[in-house]
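# Commentary on secondary and tertiary structure
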Amino acid sequence: MRRLLFIVALATLSLAACNNDNGENRQDWMDKVPGLEQNRDETTGQNYTSYKGHAMPINEYSYDLMMGILNLVSTQHGDIDDTEFLRMLTSSPLSTEALFMADVCEGTKLEWYSIYDYVGLSAGGTIQANDDGTLTSIFYPNSYEGDVMHHMSIYDIKGFYTTYYWEYNADSNILISSYSKSGEKMIAELLYFDGVEAVMLGKIAGISNTGTSLDSYGRECIRAYELHHLKFQEGGRLSLEGYEREYVYQDLRMVSDIEAEMESIMRVGSNYDVEAFAQELSDSKWTEWGILRYFDETMSHIEYPDAWDGKWNAEGGAFSDYEFVGGGTGFAYEISTAEPPFEPVTYNIDWSFDPETKALTMYYQERGITITATVSAYYTLGETDKFMVWDVDNSWNERIVLKKIE
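Description of the structure in this document. (Residues numbered from 1 in each chain as written. Predicted model: local features only at pLDDT ≥ 70, side-chain atom pairs only at ≥ 80, totals over all residues. Heavy atoms only, no water.)

## Brief notes about the overall build of the chain
Short version of the rule: Helix and strand definitions here come from DSSP, where helices need a minimum of 4 consecutive H or I residues and strands a minimum of 2 consecutive E residues; each element is numbered from the N-terminal end. Here, two residues are considered to be in contact whenever any of their heavy atoms come within 4.5 Å of each other. Note on areas: these come from Shrake-Rupley sampling with a 1.4 Å probe, and a residue is covered only by the protein chains present in the view. His residues and chain termini do not enter the charge count, which takes Lys and Arg as positive and Asp and Glu as negative. Taken as the charge location is NZ of Lys, CZ of Arg, CG of Asp or CD of Glu.
Within the chain, the regular secondary structure consists of 5 helices and 26 strands. Overall, the chain is about 90 × 50 × 35 Å in size when its C-alpha atoms are taken along their principal axes. Of all intrachain contacts in the chain linking residues separated by at least 6 positions in sequence, the fraction that spans at least 24 positions is 59%. Only carbon and sulfur atoms are counted for the fraction: they give 47% of the accessible area of the chain, which is about 20100 Å². Side chains of the chain carry 28 positive and 67 negative charges; the gap between the two charge centres is 4 Å.

## A few points about the packing of helix α3 (residues 146–155) against helix α4 (residues 246–269)
Heads up, the rule is: Note on method: axes are straight lines fitted to C-alpha atoms, helices fitted across the in-contact stretch only, with angles between N-to-C directions ranging 0 to 180 degrees. By definition in this entry, angles of less than 35 degrees are roughly parallel, angles greater than 145 are roughly antiparallel, angles of 65 to 115 are roughly perpendicular, and the rest are oblique. Two helices that cross are described as forming a left-handed crossing if the nearer one is turned anticlockwise from the farther one by less than a right angle, and a right-handed crossing if clockwise. The nonpolar class holds Ala, Val, Leu, Ile, Met, Phe, Trp, Tyr, Cys and Pro. Asp, Glu, Lys and Arg form the charged class, and all remaining residues, Gly among them, are polar.
Remark: α3 packs on α4, axes separated minimally by 9 Å, with the N-to-C direction vectors making an angle of 120°. Here α4 runs oblique to α3, going by the angle between their axes. For α3 against α4, the interelement crossing comes out right-handed. Each of D147, V148, H151, M152 and Y155 in α3 lies in contact with α4, whose residues at this interface are Y249, L252, R253, V255, S256 and E259. Its residues assigned to classes, the contact of α3 with α4 comprises 6 nonpolar, 2 polar and 3 charged.

## Comments concerning a negative patch on the surface
Heads up, the condition is: Only residues whose relative accessible area exceeds 30% and that take part in no salt bridge are eligible for patches, with like-charged residues grouped when within 9 Å of each other and nonpolar side chains (Val, Leu, Ile, Met, Phe, Trp, Tyr) grouped when within 5 Å. Should a side-chain nitrogen of Lys or Arg be within 4 Å of a carboxyl oxygen of Asp or Glu, the pair is scored as a salt bridge.
On the surface, a cluster of negative charge is contributed by D147, D257, E261, E263 and D309. With 3 residues, the top contributor of residues to the negative patch is α4. In this structure, E261 sits in helix α4.

## Notes on the pairing of strand β3 (residues 47–51)
Note the threshold: With a 1.4 Å probe rolled over the protein chains alone, any residue whose accessible area is under 20% of its type maximum counts as buried; one over 50% counts as exposed, and the rest are partly exposed. At least two DSSP bridges between two strands are needed for those strands to be called paired.
The element β3 is largely enclosed, with a buried count of 5 among its 5 residues. Neither face of β3 is left uncovered, since the one carrying N47, T49 and Y51 and the one carrying Y48 and S50 both have all their residues buried. Looking at chain direction, strand β2 (residues 36–40) and β3 are connected through 5 bridges and run antiparallel. Considered in β3, the bridge of R40 is made with N47. Hairpin connection, β2 to β3: the antiparallel pair is bridged by 6 residues, and G45 has positive phi, about 80°. As judged from the 2 bridges shared by β3 and strand β4 (residues 54–55), these two strands associate in the antiparallel manner. Across the sheet, Y51 pairs through a bridge with H54, a residue of β4. With antiparallel pairing between neighbouring strands as the criterion, β3 and β4 make up a hairpin whose turn holds 2 residues, including K52 at a positive phi of roughly 55°.

Structure, rendered in C-alpha cells:
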C-alpha cells in the first residue's frame, strides 16, 4: 500500500528563503534537540531555522506544529522506558498524529513539509505490533477515491490492512520494520515517549510512503528524513473486524478505474451510427477484450472485471472470438482458460442484427442455444482500433467489450 508514486508540488527554494527571523525566536529548549539549528545565509544575510540540515516548513501552521513536536522531544528526561514502550506497542494501536518529511531533489535539500500541506499525499496510518514479529497496518482510501469508498459501502468494508515485520533494539531505541522478512529494513529512532505519545525519526513500515516523489519541476526526490508524531489509541488491541486485506483494496481500485472508463466509453460510444455499424459487422472478426460483471441490471456499478483490456483477471472461465460472415452465418471460437490444451472449440452460428433495437442474436447450431446481446456502444480508439459493447441477456448482468480483429 505504501509503495506508491506520488507527486507533490514542492517549491525549490534555497534554505535562506525559508522562515526568516532575526534570531529573537531562539529559545533555550532548542539547545536540547540535536540537529535543530539556527542558520544564516551569507548571501542574503537572512536567518532561518533548520532541523537535520533542512529548513523548517514554509507553511506557518506546519512550522508551528513541527516546532511544537520538537519542543516535546526536548522534554524527554533520562532514558526512554523501552519496556513500557514495547508493552504499549504490542497491546494498543499506534496512529499518526502528524508526519513531516524532508526530501533531497538532485542534491538540493528541500524544506520540511507536512502530510497536511498537500492534497492526496498518501502517508500516515495506524499500526499494531504483534508478539510473533509481525506488524499489522490499517489504512483507508484517499479523499479523492470516492468510487472506492462507494464500493466499500456496498461490501460493508470499514478499511484495509497489510502485514509487515518488526523488531526493536532497546539499546539504541530503534524500531526496525520491513515489508518482508528478508526485505529492506526501515529504521526509526524513538526520540520521545511518555506512555501515550511518541515521536520517532525515520521510516516505519505501514506508515511511511516509500515510493518515488517528484517536485514541481519533475525532478526525482529522495526521502532524507521523516518525523513522526504518534499516539497510542485507547481501548486495547486493534480489531480487524470489517477490514479486508490489501489485495481487496487493489481490486476495488481496479474496479473503480474500469467503471469510470466504461462510463466514459458509454457517453462517447452509445450514440453510434447503427446503419454504418450493421454494414461493418458483416464479414468481420472480433475478440473479447473485456468481460464485466455488474451488481444488478442497471449496469451502474461493476462487481468484478473477469477480463479487461485483453487481460483475463478471473481464475478459469473461457473467452471467445467471433466471425460474422455475410448472409447471417459465422463462427464462435471458444477458448478455455481453465484447463489444457487451451485450443479453441469452434461453433457454427447463425446471427442477425436489428438496427431498431440494437439487438444482436446468435444461434449456436451445435449447442442448440440462442444468445442475445444489445450492442450498447460502438467506438474507435486511436486511428484504427474499433470496439463494441455487448449487454448480454442473461442473469449474470454481464457486459462484454469486443475488439475488431483486422
